[in-house]
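One-letter residues, chain by chain:
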Amino acid sequence: MEKIIKDLIKYGKRAGKKNFTPGMSGNISARFGDNIIITTSGSANGYLKEDDFVVIDFDGNVVQGRKKPSSEKMLHVEFYKMRPDINYILHVHSPYLSSFASAGVALEEPIMAENVYYFGHIPLAEYGLPSSRDLVEKTSKYFKDFDAVLMANHGFIVGDNTLESAYLKLELAESYAQVVLNTKILGGPVLLTESQVKEINNLKTR
């Protein structure tokens, strides 16, 4: 548990330095056996300390720690329930991804090979009040098929098997959002063709 928390602090600070998680926005968690280690309410991902974590069960109840868990705890719980392959989750309000989320625009255009390969596309979940069951229901419908989801007028959530891979997907997605925006400034992106997308996806089977 100590090792997991140290790693969460490390990547939280890394995300903070990149301005992916400004202020006290967002939350981070890890699967921990039959429980979940998650950041506490009011903590700042970029400035995490060892006492900024609690352990909750899959009903959202605190089983270890004295502080209140993140108000988005049930969003994390649902992601883990639906995806046994997911062990780490990052929820952030990074500027470029949040801009697309707040504009109501999914990242669906096949612009860069890496993004097609790792994401296919990044869907946009309908708005739900933060920390509400409505938010969980509207966002979790995408967890079965996607590792990363934009949350309308809110932010971004991504999960993966390892903490490093989840963080690297966050970096890639934020860069993707920035590139998409820049291409629109430059007159619009040149999209990959269906044939090119198929070729990229075929690389996954090699």
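A brief report on the enclosed structure follows.

Criteria and cut-off values
Residues numbered from 1 in each chain as written. Predicted model: local features only at pLDDT ≥ 70, side-chain atom pairs only at ≥ 80, totals over all residues. Heavy atoms only, no water. Phe/Tyr/Trp six-rings, centres within 6.5 Å; stacked < 30°, edge-to-face > 60°. Helix = DSSP H or I, 4+ residues; strand = E, 2+ residues; numbered from the N terminus. Buried < 20%, exposed > 50% of the residue type's maximum accessible area, 1.4 Å probe, protein only. Lys NZ or Arg CZ within 6 Å of the ring centre and 35° of its normal. Core = buried A, V, L, I, M, F, W, Y, C linked by side-chain atoms within 4.5 Å. Contact = heavy atoms within 4.5 Å. Pairing = 2+ DSSP bridges. Axes fitted to C-alpha atoms, helices over the stretch in contact; angles between N-to-C directions. Left-handed = near helix turned anticlockwise from the far one by under 90°. Nonpolar A, V, L, I, M, F, W, Y, C, P; charged D, E, K, R; others polar. Polar contact = N/O pair within 3.5 Å; in protein donor to acceptor, adjacent residues only side chain to side chain. Parallel < 35°, antiparallel > 145°, perpendicular 65-115°, else oblique. Expected span 1.5 Å × (residues − 1). Patch = residues over 30% accessible without salt bridge, like charges linked within 9 Å, V, L, I, M, F, W, Y side chains within 5 Å. Areas by Shrake-Rupley, 256 points an atom, 1.4 Å probe, with all protein chains shown as cover. Salt bridge = Lys/Arg side-chain N within 4 Å of Asp/Glu carboxyl O. Lys, Arg positive; Asp, Glu negative; His and termini not counted. Charge placed at Lys NZ, Arg CZ, Asp CG, Glu CD.

**Notes on the packing of aromatic side chains**
Consideration 1: Scanning all chains against the criterion turns up four aromatic pairs.
Consideration 2: Considering the side-chain rings of Y11 and Y167, the 5.5 Å spacing of their centres and the 55° angle between planes classify their relative orientation as tilted. In this pair, Y11 is assigned in helix α1 (residues 2-17) and Y167 in helix α6 (residues 163-185), connecting sequence segments 156 residues apart. Y167 shares its class with Y11; the two are buried.
Consideration 3: Geometrically, the ring pair formed by F79 and F143 is stacked, given 3.8 Å between the ring centres and 0° between the ring planes. Residue F79 is located in helix α2 (residues 73-82), and its partner F143 is located in the loop between α5 (133-140) and β7 (148-151); the two are separated by 64 residues in the primary sequence. Neither residue differs from the other here; F79 and F143 are each classed as buried.
Consideration 4: Over the ring of Y11 we find R14, and its NZ or CZ is 4.9 Å from the ring centre.
Consideration 5: A cation over a ring is seen here: K204 above Y117, with NZ or CZ 5.7 Å from the ring centre.

**Structural notes on the nonpolar core**
Consideration 1: Counting residues in each nonpolar core, the largest one holds 37 residues, and the members touching the most others are L8, L107, I122, L150, F156 and L170.
Consideration 2: Listed by contribution, the elements that provide at least two residues to this core are α1, β1 (27-32), β3 (53-56), β5 (88-92), α3 (95-103), β7, β8 (155-160) and α6.
Consideration 3: The dominant element in this core, judged by the number of residues it contributes, is α6, at eight residues.
Consideration 4: Here F156 is in contact with L90, H91, V92, L97, I122, A148, V149, L150, M151, L170 and A173, once residues within four sequence places are set aside.
Consideration 5: Counting 19 residues, the second-largest nonpolar core is a separate cluster that includes I36, I38, I86 and I157.

**Thoughts on the sheet that holds strand β6 (residues 124-125)**
Consideration 1: Overall, mixed pairing links the eight strands, which are arranged β4-β3-β2-β1-β5-β8-β7-β6 in an open sheet. The open sheet terminates on both sides in strands that have one partner only, identified here as β4 (62-64) and β6.
Consideration 2: Sheet topology note: the β1/strand β2 (residues 35-39) ladder contains four bridges and is antiparallel. If you follow S29 over to β2, its bridge partner there is I38.
Consideration 3: Most of the contacts of α1 go to β1, to which it runs at about 155°, and overall it touches β1, β2, β3 and β5.

**A closer look at the packing of α2 against α5**
Consideration 1: Their axes nearest at 9 Å, the elements α2 and α5 cross at an angle of 35°. Every pair of crossing elements has a handedness; the one defined by α2 and α5 is right-handed. Between α2 and α5, the contacting residues are M74, L75, E78 and M82 on the first element and R133, L135, V136, T139 and S140 on the second.
Consideration 2: Class assignment of the residues belonging to the contact of α2 with α5 gives a composition of five nonpolar, two polar and two charged.

**Concerning the side chain of S25**
Consideration 1: Among the structural elements, S25 can be located in the loop between α1 and β1.
Consideration 2: Within polar-contact distance, the side chain of S25 engages the backbone oxygen of P22 at 2.5 Å.
Consideration 3: Not counting residues up to four positions away in its chain, the partners in contact with S25 are N45 and H93.

**Describing the packing of α3 against α6**
Consideration 1: Put simply, α3 and α6 touch, their axes get as near as 7 Å, and they point 60° apart. In terms of axis orientation, α3 runs oblique to α6. For the pair α3 and α6, the sense of crossing is left-handed. Residues P95, Y96, L97 and F100 of α3 form the contact with α6, whose own contacting residues are L170, A173, E174, A177, Q178, V180 and L181.

**As for α1**
Consideration 1: An ideal rise of 1.5 Å per residue puts 22 Å on 16 residues; α1 measures up with 23 Å between its terminal C-alpha atoms.
Consideration 2: Those residues of α1 that sit buried are I4, I5, L8, I9, Y11, G12 and A15.
Consideration 3: Buried residues along α1 sit against β1, β2, β3, β5 and α6.

**Description of a positive patch on the surface**
Consideration 1: There is a patch of like positive charges on the surface, built from K10, K13, R14 and K17.
Consideration 2: Residue placement: K13 occurs in helix α1.

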